[in-house]
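Chain and residue survey
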Amino acid sequence: MSNIEDIVNALETKIGKILNSLDDLKQTNLKLTQDLEQCKNTILSQKTELSNWQEKYETLKMANTILGSDNDKRETKLKINALIRDIDHCIGQLSE
């Protein structure tokens with residue numbers, strides 16, 4: 001009978017260790033999930049900031065071209081022409 005009690009005690013000990021490990025893993029999983037969300041938010045804000053800087057850069061390039069810089073003149077002319085086409089298209093839709 002003592003042998004059965006030893007086996008039961010050993011099983012209880014192992015089950016206790018497994019339950020403790022499960023709790024530890026749940027805590028680790030929760031922390032990793034929180035870290036992942038924080039990283040996603042950081043990436044999203046960095047993408048937004050990058051987009052803003054790219055827009056500012058394009059605006060600055062266009063301003064430099066308009067001010068007389070020889071760099072990117074062709075690109076600026078193409079953008080102006082595209083804007084004019086868009087405006088003409090909008091006017092056409094409004095007049096319909």
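Structural data are supplied above this passage.
Summary of the structure given here. (Residues numbered from 1 in each chain as written. Predicted model: local features only at pLDDT ≥ 70, side-chain atom pairs only at ≥ 80, totals over all residues. Heavy atoms only, no water.)

Here we take up the overall build of the chain. From N to C terminus, the chain includes two helices and zero strands. Each principal axis of the C-alpha distribution contributes one length, and for the chain these read about 95 × 40 × 15 Å. Within the chain, the proportion of its 96 residues that are buried is 3%. As displayed, the chain has an accessible area near 8900 Å², and 60% of this comes from carbon and sulfur atoms. Charge separation in the chain, taken as the distance between the mean sites of 13 positive and 16 negative side-chain charges, equals 7 Å. (Helix = DSSP H or I, 4+ residues; strand = E, 2+ residues; numbered from the N terminus. Buried < 20%, exposed > 50% of the residue type's maximum accessible area, 1.4 Å probe, protein only. Areas by Shrake-Rupley, 256 points an atom, 1.4 Å probe, with all protein chains shown as cover. Lys, Arg positive; Asp, Glu negative; His and termini not counted. Charge placed at Lys NZ, Arg CZ, Asp CG, Glu CD.)

Turning to the packing of helix α1 (residues 2-66) against helix α2 (residues 73-95), a few remarks are in order. Where α1 contacts α2, the two axes come as close as 9 Å, and the packing angle between them is 105°. One way to sum up the angle between α1 and α2 is to call them roughly perpendicular. Mapping the contact onto sequence places Glu58, Lys61, Met62, Thr65 and Ile66 in α1 and Lys73, Glu75, Thr76 and Lys79 in α2. Its residues assigned to classes, the contact of α1 with α2 comprises two nonpolar, two polar and five charged. (Axes fitted to C-alpha atoms, helices over the stretch in contact; angles between N-to-C directions. Parallel < 35°, antiparallel > 145°, perpendicular 65-115°, else oblique. Contact = heavy atoms within 4.5 Å. Nonpolar A, V, L, I, M, F, W, Y, C, P; charged D, E, K, R; others polar.)

By the definition in use, this model includes two salt bridges. In this structure, the salt-bridge partner of Lys31 is Asp35, at a minimum N-O distance of 3.1 Å. Of this pair, Lys31 and Asp35 both sit in helix α1, four residues apart, which is roughly one turn of that helix. As a salt-bridge pair, Glu58 and Lys79 come within 2.7 Å of each other at their nearest N and O atoms. Taken together, the residues Glu58 in helix α1 and Lys79 in helix α2 connect sequence positions 21 residues apart. Overall, the relative accessible area of 29% leaves Glu58 in the partly exposed class. Residue classification places Lys79 among the partly exposed positions, given a relative accessible area of 29%. (Salt bridge = Lys/Arg side-chain N within 4 Å of Asp/Glu carboxyl O.)

Another point: a nonpolar patch on the surface. Residues Ile7, Leu11, Ile15, Leu19 and Leu22 make up a contiguous nonpolar surface patch of roughly 450 Å² in combined accessible area. Mapped onto the fold, Leu19 is located in helix α1. Judged by its relative accessible area of 45%, Leu19 falls in the partly exposed class. (Patch = residues over 30% accessible without salt bridge, like charges linked within 9 Å, V, L, I, M, F, W, Y side chains within 5 Å.)

The full count for this structure, using the stated rule, is zero aromatic pairs. The ring of Trp53 carries Lys56 above its face, with NZ or CZ at 4.8 Å from the centroid. (Phe/Tyr/Trp six-rings, centres within 6.5 Å; stacked < 30°, edge-to-face > 60°. Lys NZ or Arg CZ within 6 Å of the ring centre and 35° of its normal.)

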